Amino acid sequence: RQLPGLLKQEREALSCSLTVLFQVQADPKFQETEYAEKAIERLMQMCSMVLKNYINKERMIQEQHAQAEQQQQADSTNQEREAVQVEMEREVLGLVPIISYVVMTGLKDLQSELFSRHVQILFPLLCELTAVSSWEVREKVRSVLLKQVGPILGVSYTEEEAPKNPEDDGGSV
């Protein structure tokens with residue numbers, strides 16, 4: 001008998017909660033209510049929690065890969081470590097669509113004044129996300145940085161104008 005897919009259910013609930021909170025804060029009618037501020041605070045708390053969790057697990061996986069390369073000996077602790085790593089990688093892969101299509105898309109479409117109010121929390125997390133292994137997440141982070149952070153810094157690029165890699169602009173890193 002197989003256990004219920006609790007991680008899948010948790011991810012689906014998280015995705016639904018975040019989607020609803022992003023939709024609610026975008027509704028002009030809702031902005032007039034007494035709950036608007038609580039909703040945006042809850043949204044930012046959830047986004048921060050999800051991003052920190054993803055970043056921490058991603059970092060642990062990267063560290064475990066580095067350790068595994070250093071220790072090529074096979075013993076029971078390595079097998080246990082590998083099992084934990086595989087499970088963590090599965091969790092991280094399950095979070096990628098939520099990070100990419102719910103959180104990053106929501107942050108990109110967030111009203112610029114709301115994003116600006118929370119940029120001190122969001123910007124360091126976005127910077128950390130530039131180093132994750134998922135290209136999909138990094139691409140979505142790029143979009144958020146261009147649309148939301150660029151104008152705060154006085155830099156305006158459309159996604160089409162911004163170079164995608166150093167070769168695109170003829171420069172070097």
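One structure accompanies this document, and this report is about it.

The rules we used
- Residues numbered from 1 in each chain as written.
- Predicted model: local features only at pLDDT ≥ 70, side-chain atom pairs only at ≥ 80, totals over all residues.
- Heavy atoms only, no water.
- Helix = DSSP H or I, 4+ residues; strand = E, 2+ residues; numbered from the N terminus.
- Buried < 20%, exposed > 50% of the residue type's maximum accessible area, 1.4 Å probe, protein only.
- Contact = heavy atoms within 4.5 Å.
- Areas by Shrake-Rupley, 256 points an atom, 1.4 Å probe, with all protein chains shown as cover.
- Arc of directions from axis to C-beta.
- Core = buried A, V, L, I, M, F, W, Y, C linked by side-chain atoms within 4.5 Å.
- Expected span 1.5 Å × (residues − 1).
- Patch = residues over 30% accessible without salt bridge, like charges linked within 9 Å, V, L, I, M, F, W, Y side chains within 5 Å.
- Salt bridge = Lys/Arg side-chain N within 4 Å of Asp/Glu carboxyl O.
- Polar contact = N/O pair within 3.5 Å; in protein donor to acceptor, adjacent residues only side chain to side chain.
- Axes fitted to C-alpha atoms, helices over the stretch in contact; angles between N-to-C directions.
- Left-handed = near helix turned anticlockwise from the far one by under 90°.
- Nonpolar A, V, L, I, M, F, W, Y, C, P; charged D, E, K, R; others polar.

What follows covers the overall build of the protein. If you tally the helices and strands in the protein, you get 7 helices and 0 strands. Across the protein, helices and strands are ordered from the amino to the carboxyl terminus as α-α-α-α-α-α-α. Put simply, the protein has 173 residues, and 35% of those count as buried. Within the protein, residue pairs in contact and separated by at least 24 positions form 72% of the contacts whose partners lie at least 6 positions apart. With the model as given, the accessible surface of the protein reaches about 11,300 Å², and the carbon-plus-sulfur share is 54%.

Buried within helix H6 (residues 119-129) we find Val119, Leu122, Leu125, Leu126 and Leu129. Along H6, the residues classed as buried sweep out an arc of 140° about the axis, all on the same side.

Counting residues in each nonpolar core, the largest one holds 40 residues, and the members touching the most others are Leu18, Met104, Leu107 and Leu129. Every element with two or more residues in this core is listed here: helix H1 (6-26), helix H3 (36-70), helix H4 (76-109), helix H5 (112-117), H6 and helix H7 (135-153). Broken down by element, the residue count for this core peaks at 12 residues, all from H3. In this structure Met104 touches Leu51, Ile99, Leu126, Leu129, Lys140, Val141 and Val144, once residues within four positions along its chain are discounted.

Moving on: the environment of Met44. Structurally, the position occupied by Met44 is in helix H3. Given a relative accessible area of 5%, Met44 falls into the buried group. On a C-alpha basis, the gap between Met44 and Leu21 in space is 9.5 Å, while along the polypeptide they are 23 residues apart.

The first and last C-alpha atoms of H1 sit 30 Å apart over 21 residues, in line with the 30 Å expected at 1.5 Å per residue. Within H1, burial applies to Leu14, Ser15, Leu18, Leu21, Phe22 and Gln25. Looking straight down H1, one finds that the buried residues subtend no more than 135° of arc, so they occupy a single side. Opposite its buried face, H1 presents the exposed residues Leu6, Lys8, Cys16 and Gln23, each directed more than 90 degrees away.

Here the focus is a nonpolar patch on the surface. Together, Ile152, Leu153, Val155 and Tyr157 make up an exposed nonpolar region whose accessible area comes to about 380 Å². Within the fold, Val155 resides in the segment after H7. Judged by relative accessible area, which is 38%, Val155 ranks as partly exposed.

Before going further, it helps to spend a moment on the side chain of Gln148. By the secondary structure assignment, Gln148 is in helix H7. A polar atom in the side chain of Gln148 sits 2.9 Å from the backbone oxygen of Leu107. Excluding residues that lie within four positions of it along the chain, Gln148 makes contacts with Leu107, Lys108, Asp109, Leu110, Ser112 and Phe115.

On to the packing of H6 against H7. Between H6 and H7, the least distance of the axes is 10 Å, while the angle of their chain directions is 145°. H7 is crossed by H6, and the crossing has left-handed handedness. Contacts between H6 and H7 involve Val119, Phe123, Leu126 and Leu129 from the first element and Val137, Arg138, Val141, Val144, Leu145, Val149 and Ile152 from the second. In terms of residue class, the contact of H6 with H7 is made up of 10 nonpolar, no polar and 1 charged.

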